[in-house]
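Structural overview
Given next are the chains, with one letter for each unit.
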Amino acid sequence: MSPEIVGLIAIAVLIASLFAGMWIGLAMALLGFLGFAYLGGINAALGIMATVPYTTIATYGVAVVPLFLLMGNVASNTGISGDLYKTGHTWMGHLPGGLAMGTIGACAGFAAICGSSIAAAATMSKVVLPEMEKYKYDPKLATGSVAAGGTLGILIPPSLGFIVYGLLTQESIGKLFMAGVFPGVLLVALFIIQIFLLSRRNPHLAPPGPKTTFVKKLASLRFTWAMLLLFILVMGGIYTGLFTPSEAGAIGAFGSIVITFISRKLNKRNLLAAILDTGQTTAMVFLLLVGAMIFMRFLSITKLPFTVADFVSQLAFPPYLLLALIVVIFIIIGMFMEILASMALTLPIIFPVILAVGFDPIWFGVIMVVVCEMGLITPPVGMNIFIIAGVSNVPAGTIFRGAAPFVFTMLICVVILTIFPQIALYLPNMMR
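Heads up: these notes are all about the structure in this document.

With that settled, the discussion passes to the overall build of the chain. Counting its secondary structure elements, the chain contains 22 helices and zero strands. Its C-alpha atoms give the chain a radius of gyration of 22 Å, within 12% of the compact-globule value 22 Å for 432 residues. Expressed along its principal axes, the backbone C-alpha trace of the chain runs to roughly 70 × 45 × 45 Å. Looking at the chain as a whole, 55% of its 432 residues qualify as buried. Put simply, 81% of the contacts in the chain that link residues at least 6 apart link residues at least 24 apart. Surface summary for the chain: the accessible area is close to 18300 Å², and the carbon and sulfur share equals 72%.

Next up, the structure:
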């Protein structure tokens, strides 16, 4: 049996294992070990199992994972989301659909200090849905806007999606963070425009709230200035080269603790909760990374990724038609699998293809994250949808229908980024 066939069989078994409910990190590690033992011998496979976990985790760059997670979890567990929503509500609540627009703005602000879409959806839904219900918002628009806004957590840096993409592909995490800034702003603007147009066409969907004075608008900024300053410090340090991503994560984690302590939001209970959440998520990500690295070592000796890349490069497919096919594949995978798992499953095969056809790997990372965002709000396994359904008691089917227009808006964002790649690449190219 040729090595390429062995690789294809391992991928098929891996997919079957995932549908059977096996953890993807364990499944990839087990199949990588068995495949390596079959092709390279048991001693070589044992050597891989002995060295890869340590070399994957015991590196300076991987420290970025728990540090940025701690920064986000401190913010999530201390009620920062409520402060961000108060500001968005004050500035945009008087417009048709203004509360939903403010929700998008608050989700964007929360994403800038959190990096987790699921955390954003869970925390924001508790804050904003009762308010929109009070103003007689249509349940589909209300829950759909929260679900869509939550997806911004893996696009606007610091993003766990970009961190895992960078670790798996050995691309610069700092450049990936910078690449997500303008696309994040673009997607926020598209979401707000969509809500505004829907609300103008049908005012009963989202009645305007009370107007506020300009003085009150300025006063509401006191809820957000500290976290905005922290975001500028962290991302500005990465952009100028003053900090590495890991150093920026340490500054962000420390800064979030100091800010929430000074504002009297931090106590022993929510600090311990943030540390526990950070430890649990870090363990999950590290297991995923170790499994992916073992599986990638196995695939490298099968030469399957390079065979696929050579085959695709010899086809007459235009590069952008190939990109469209990859996007469709990611959308389908995202319907059944969360973003980190889909990255670990597909990148070993798809990334060499992307390099072979000449696409920029930093730009593709942004495209991949935006497309994977869609899986969070598409059936049957839209994680944001089910989290909001649990919090709000709104049926999942209603939330799926409310989120559907936002999926098309994300596709428009992908098209714009494909036509104008410099939206994503301008800041990375300007980095020192």
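In this fold, Q194 is placed in helix α11 (residues 181-201). Residues within four places of Q194 in sequence aside, it is in contact with P405, F406 and T409.

Looking now at the environment of P318. Following the sequence through the fold, P318 ends up in the loop between α16 (304-314) and α17 (319-334). Between the alpha carbons of P318 and Q194 there is a distance of 32 Å; along the sequence they are 124 residues apart.

Turning to the packing of α17 against helix α18 (residues 339-356), a few remarks are in order. The angle between the axes and the distance between the axes are what describe a pair of packed helices. Contact pair α17 / α18: the axes reach a minimum separation of 12 Å and the direction vectors enclose 175°. Taken together, α17 and α18 sit at an angle that is classed as roughly antiparallel. On α18, the residues touching L322, I326, F330 and I333 of α17 are S342, T346, I350, V353 and I354.

Another aspect to go through is a nonpolar patch on the surface. Taken together, the side chains of I15, F19, I118, V328, I332, F336, V381 and M383 make up a nonpolar region of the molecular surface, amounting to roughly 680 Å² of accessible area. Contributing elements (two or more residues each) for the nonpolar patch: α1 (3-19) and α17. Considering the arrangement of structural elements, one finds I332 in helix α17.

Another point: the environment of Y38. Relative to the helices and strands, Y38 resides in helix α2 (residues 24-40). With a relative accessible area of 53%, Y38 lands in the exposed category. In this structure, the C-alpha to C-alpha distance between Y38 and P3, residues 35 residues apart in sequence, is 9.5 Å. Ignoring sequence-local partners within four residues, the contact set of Y38 consists of M1 and V6.

What follows is about unusual backbone geometry. In terms of backbone geometry, most residues other than glycine have negative phi values and most peptide bonds are trans. The peptide bond linking P157 to P158 adopts the cis configuration, its omega dihedral lying at 0°. Here P158 shows up in the loop between α8 (139-150) and α9 (160-169). Although it is not a glycine, Q170 adopts a positive phi angle of roughly 65°. Examined against the element boundaries, Q170 turns out to sit in the loop between α9 and α10 (173-179).

Right, let's talk about α17 for a bit. Since the α-helix turns once every 3.6 residues, residues separated by three or four places project in the same direction. For α17, with 16 residues, the first-to-last C-alpha span of 22 Å sits near the 22 Å given by 1.5 Å per residue. Every buried residue belonging to α17 is among L322, L323, I326, V327, F330, I331, I333 and G334, and all of these are buried. Those residues of α17 that are buried are in contact with α16, α18, α19 (361-374) and α21 (396-419).

Once that is clear, we can look at the pattern of salt bridges. If you walk through the whole model with that rule in mind, you get one salt bridge. With its nearest N and O atoms 3.7 Å apart, the salt bridge here joins K140 to D138.

Let us look at the packing of α2 against helix α15 (residues 268-302). Remark: α2 packs on α15, axes separated minimally by 7 Å, with the N-to-C direction vectors making an angle of 25°. In terms of orientation, α2 and α15 fall into the roughly parallel class. You can see that α2 and α15 cross each other, and the crossing is left-handed. Mapping the contact onto sequence places I24, G25, L26, M28, A29, L31, G32, F33, G35, F36 and L39 in α2 and L287, L288, G291, A292, I294, F295, R297, F298, I301 and T302 in α15. Here the contact of α2 with α15 is composed, by residue class, of 15 nonpolar, five polar and one charged.

A full pass over the atoms with the stated rule returns zero disulfides. Summary of cysteine pairing: C372 is not part of a disulfide, and the nearest cysteine sulfur, belonging to C413, is at 14 Å.

Position of A148 among the secondary structure elements: in helix α8. Taking relative accessible area as the criterion, A148 reaches 0% and is therefore assigned buried. Separated by 260 residues in the primary sequence, A148 and F408 have C-alpha atoms spaced 11 Å apart.

Rules used throughout
Residues numbered from 1 in each chain as written. Predicted model: local features only at pLDDT ≥ 70, side-chain atom pairs only at ≥ 80, totals over all residues. Heavy atoms only, no water. Helix = DSSP H or I, 4+ residues; strand = E, 2+ residues; numbered from the N terminus. Rg over C-alpha atoms; globule rule 2.2 N^0.38 Å. Buried < 20%, exposed > 50% of the residue type's maximum accessible area, 1.4 Å probe, protein only. Contact = heavy atoms within 4.5 Å. Areas by Shrake-Rupley, 256 points an atom, 1.4 Å probe, with all protein chains shown as cover. Axes fitted to C-alpha atoms, helices over the stretch in contact; angles between N-to-C directions. Parallel < 35°, antiparallel > 145°, perpendicular 65-115°, else oblique. Patch = residues over 30% accessible without salt bridge, like charges linked within 9 Å, V, L, I, M, F, W, Y side chains within 5 Å. Salt bridge = Lys/Arg side-chain N within 4 Å of Asp/Glu carboxyl O. Expected span 1.5 Å × (residues − 1). Left-handed = near helix turned anticlockwise from the far one by under 90°. Nonpolar A, V, L, I, M, F, W, Y, C, P; charged D, E, K, R; others polar. Disulfide = S-S within 2.5 Å.

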